[in-house]
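Take a look at the letters that make up each chain.
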Amino acid sequence: MTTTRLMVWIDQDLCTGDGICEEIAPEVFEGRDDGLWVVKEEAKHFESAIVFDAESGDGHGPDGSRGVARVPDSLIEDVIESAEECPGECIMIEPYDQATLDARDG
Ligand code: SF4
C-alpha cells in the first residue's frame, strides 16, 4: 500500500504550458489536449488510475482546486522540485487530508 503525506493540484488559470512539471515528475503530472497540465494518480501507486483533467467517465476527475491528487511518499521530493521550478507558480501542495479526498470523490 502506497503511503502518502501530501496532495497536489494545479491552478490551470496560471499554467504556462511548458511541461517542466512532467519532465521532473511524469508519474504525477500530465499534459492535457488544451496545452495545460493536470495532476494524476497512477494505478501502480494507488488502487486505480485517475487523471484530474475535467473529462467525464471512469478514470477522470475534476481539474483545478477540486482535482487534488495524492502524492506517493516516494515522489514527494520530485513534486516539491516541480513546484519550485514551475514558472506559473501554480502547483499547489497541501498536507494529506481525508476530508479533501472525500469531497473530491463524493
Ligand atoms: S511547470 Fe507549472 S506552468 Fe509549467 S506546465 Fe507544469 S503546472 Fe504548468
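(A) Looking closely at the nonpolar core. Counting residues in hydrophobic clusters, the biggest one holds 22 residues, and the most contacted among them are Val8, Val28, Val39 and Ala69. Elements supplying a minimum of two residues to this core: β1 (4–10), α1 (20–24), β3 (37–41) and β5 (69–72). For this core, the leading source of residues is β1, giving 4 residues. Ignoring any residue separated from it by four or fewer positions in sequence, one finds Val39 in contact with Val8, Trp9, Ile10, Val28, Phe29, Phe52, Gly67 and Ala69.

(B) Up close: the sheet that holds strand β6 (residues 91–95). The sheet built from 3 strands is open, its strands ordered β5-β1-β6 with antiparallel pairing. The sheet is open, and its two borders are formed by β5 and β6, each paired with just one other strand. Each strand axis lies, on average, 40 degrees off the axis of its neighbour in the sheet, ignoring direction. Direction of pairing for β1 relative to β6: antiparallel, over a ladder of 5 bridges. Looking across to β6, one finds that Val8 is bridged to Ile93.

Basis of the calculations
- Residues numbered from 1 in each chain as written.
- Predicted model: local features only at pLDDT ≥ 70, side-chain atom pairs only at ≥ 80, totals over all residues.
- Core = buried A, V, L, I, M, F, W, Y, C linked by C-beta atoms within 7 Å.
- Buried ≥ 20, exposed ≤ 12 C-beta atoms within 10 Å, placed from the backbone.
- Helix = DSSP H or I, 4+ residues; strand = E, 2+ residues; numbered from the N terminus.
- Contact = placed C-beta atoms within 7 Å.
- Pairing = 2+ DSSP bridges.
- Axes fitted to C-alpha atoms, helices over the stretch in contact; angles between N-to-C directions.

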